[in-house]
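Overview (structure and organization)
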Amino acid sequence: MKKSLKIIGIVILINIVLVALASIWAKGLKEDQKITKEKMKLIIDAYPSFDESVNQFSDMRNILYENKEEMYYETLDENAEYWNDFIPKYAEGIKKLEENAKVLKENCIVKYGDVNTNSKCTAFKANYEAAHNYYISDAKAFNRLINNYNQWREKNDEKAKEVNKFTYPVYKKYIDFDKDGEYFGKSEVKDSEQ
């Protein structure tokens, strides 16, 4: 009889432990689901601001390329004020993009069970990488031109106005943000344009 009571007691104790573990697991699962839903909402809410900053950066980039065809040493001297005003605005565009990417960078590191959230994260990663790599390509090409312009100024026209160079406010080197082995936007500027 005592053996039977011990066995019944052990079985009851095991059942109590299993129920307690199942309860803890279920509670953890619900908490994880809640956190995941909050992250998904953060992504959905943050994406429009990021997308807007990408569009603004793209507009600034279009202005750069529209004016790039007219960049000769003489026109750089004539338009030095324009370029010295434009360059910080272009850098500010990439800084704003970086600020608007903060929530997405923190939360788009996993796959979610929601197609809409995953599509926003995929678009974010591609646009984020491309924008930064485009900025770096543009800065390198422009700075090379300004280096040549400054050499020309020293030899031919010391009175020519100085044009500032691009700075690298976020990244100094090309990035592979989505870790796919490609640097989207890096090869945008061809050697002939540099």
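One can find the structure itself at the top, above this paragraph.
Residues numbered from 1 in each chain as written. Predicted model: local features only at pLDDT ≥ 70, side-chain atom pairs only at ≥ 80, totals over all residues. Heavy atoms only, no water.

Attention now moves to empty space enclosed by the protein. This structure, assessed with the given rule, holds 1 cavity of 30 Å³ or more. Computed from the structure, the largest cavity encloses a volume of approximately 30 Å³. In terms of lining, the largest cavity is formed by Ile-94, His-132, Tyr-135, Ile-136, Pro-169, Val-170 and Tyr-171. The greatest single-element share of the lining of the largest cavity, amounting to 3 residues, is contributed by helix H5 (residues 115-156). Grouping the amino acids of the lining of the largest cavity by side-chain chemistry returns 6 nonpolar, 1 polar and no charged. (1 Å grid on protein atoms, 1.4 Å probe; cavity = no way out; pocket = protein on both sides within 12 Å on 5 of 7 lines; lining within 4 Å. Points joined across faces, edges and corners; volume = space filled by probe spheres on them. Helix = DSSP H or I, 4+ residues; strand = E, 2+ residues; numbered from the N terminus. Nonpolar A, V, L, I, M, F, W, Y, C, P; charged D, E, K, R; others polar.)

Before going further, it helps to examine the packing of helix H3 (residues 80-100) against H5. It is at 10 Å that the axes of H3 and H5 come closest, and there the two elements cross at 160°. If you check the angle between H3 and H5, you find them roughly antiparallel. The way H3 lies across H5 gives a crossing that is left-handed. Taking contact as the criterion, the partners of Trp-83, Ile-87, Tyr-90, Ala-91, Ile-94, Leu-97 and Glu-98 in H3 are, on H5, Tyr-128, Ala-131, His-132, Tyr-135, Asp-138 and Phe-142. Here the residues of the contact of H3 with H5 are counted per class, giving 10 nonpolar, 1 polar and 2 charged. (Axes fitted to C-alpha atoms, helices over the stretch in contact; angles between N-to-C directions. Parallel < 35°, antiparallel > 145°, perpendicular 65-115°, else oblique. Left-handed = near helix turned anticlockwise from the far one by under 90°. Contact = heavy atoms within 4.5 Å.)

This model, assessed by the stated rule, comprises 1 disulfide. Across the disulfide, Cys-108 is cross-linked to Cys-121 (sulfur-sulfur distance 2.1 Å). Of note, the bridge from Cys-108 to Cys-121 carries an S-S torsion of about -75° and is left-handed in sense. Of this pair, Cys-108 sits in the loop between helix H4 (102-107) and H5 while Cys-121 sits in helix H5, and the two are 13 residues apart along the sequence. (Disulfide = S-S within 2.5 Å.)

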